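Residue strings, one per chain:
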Amino acid sequence: MRKLVIAEIGLAQMAVYILLWLWDEYTASLFSLIFGAIFLFLLLISIIVEFIEPSKVPRWYFGFMAVCVAAPILAALIYIGINGRPEWLS
């Protein structure tokens, strides 16, 4: 998979997460935490297994997983940078 495709997937994910943040901050924070954590754990497990026993997993998989971890974090940071602290935290 080309690096450009991974970047496009990342931008699409960020757009979806930002739309979710604009729709409802509480739901967006839950989705961002849950999906970000799931993808982070999958990435960590994949890296650990790859070190233990090298497999034929393509390199783009790790880039894709890293983008899936970074997208909700970046979308939340962009939203908080523009709108300030979420209302449900007050």
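This write-up is about the structure you can find in this document. (Residues numbered from 1 in each chain as written. Predicted model: local features only at pLDDT ≥ 70, side-chain atom pairs only at ≥ 80, totals over all residues. Heavy atoms only, no water.)

1. Points about helix H1 (residues 3-23)
Quick reminder: α-helices carry 3.6 residues per turn. Residues three or four places apart thus point the same way.
Reasoning step 1: With 21 residues, H1 should cover 30 Å at 1.5 Å per step; its first-to-last C-alpha distance of 30 Å lies within 8% of that length.
Reasoning step 2: The set of residues buried in H1 consists of Ile6, Gly10, Gln13, Met14, Tyr17, Leu20 and Trp21. Angular distribution of buried residues about the axis of H1 spans 120 degrees; they occupy a single face of the element. Residues of H1 that are exposed and point more than 90 degrees away from the buried face comprise Leu4, Leu11, Val16, Leu19, Leu22 and Trp23.
Reasoning step 3: Turning to H1, the residues buried within the fold contact helix H2 (25-52) and helix H3 (59-83). (Helix = DSSP H or I, 4+ residues; strand = E, 2+ residues; numbered from the N terminus. Expected span 1.5 Å × (residues − 1). Buried < 20%, exposed > 50% of the residue type's maximum accessible area, 1.4 Å probe, protein only. Arc of directions from axis to C-beta. Contact = heavy atoms within 4.5 Å.)

2. Side note on the packing of aromatic side chains
Reasoning step 1: The full count for this structure, using the stated rule, is 3 aromatic pairs.
Reasoning step 2: Between the aromatic rings of Phe31 and Phe35, the centroid separation amounts to 5.6 Å while the plane-to-plane angle is 35 degrees, which identifies the pairing as tilted. Here Phe35 and Phe31 lie together in helix H2, a separation of 4 residues that amounts to about one turn.
Reasoning step 3: In this structure Phe31 comes out as partly exposed when scored by relative accessible area, which is 37%.
Reasoning step 4: Of the residues examined, Phe35 reaches a relative accessible area of 32% and is grouped as partly exposed.
Reasoning step 5: Ring centres of Tyr61 and Phe62 lie 5.5 Å apart, and the angle between their planes is 75 degrees; this geometry places the pair in the edge-to-face category.
Reasoning step 6: The class of Tyr61 is partly exposed, set by a relative accessible area of 25%. (Phe/Tyr/Trp six-rings, centres within 6.5 Å; stacked < 30°, edge-to-face > 60°.)

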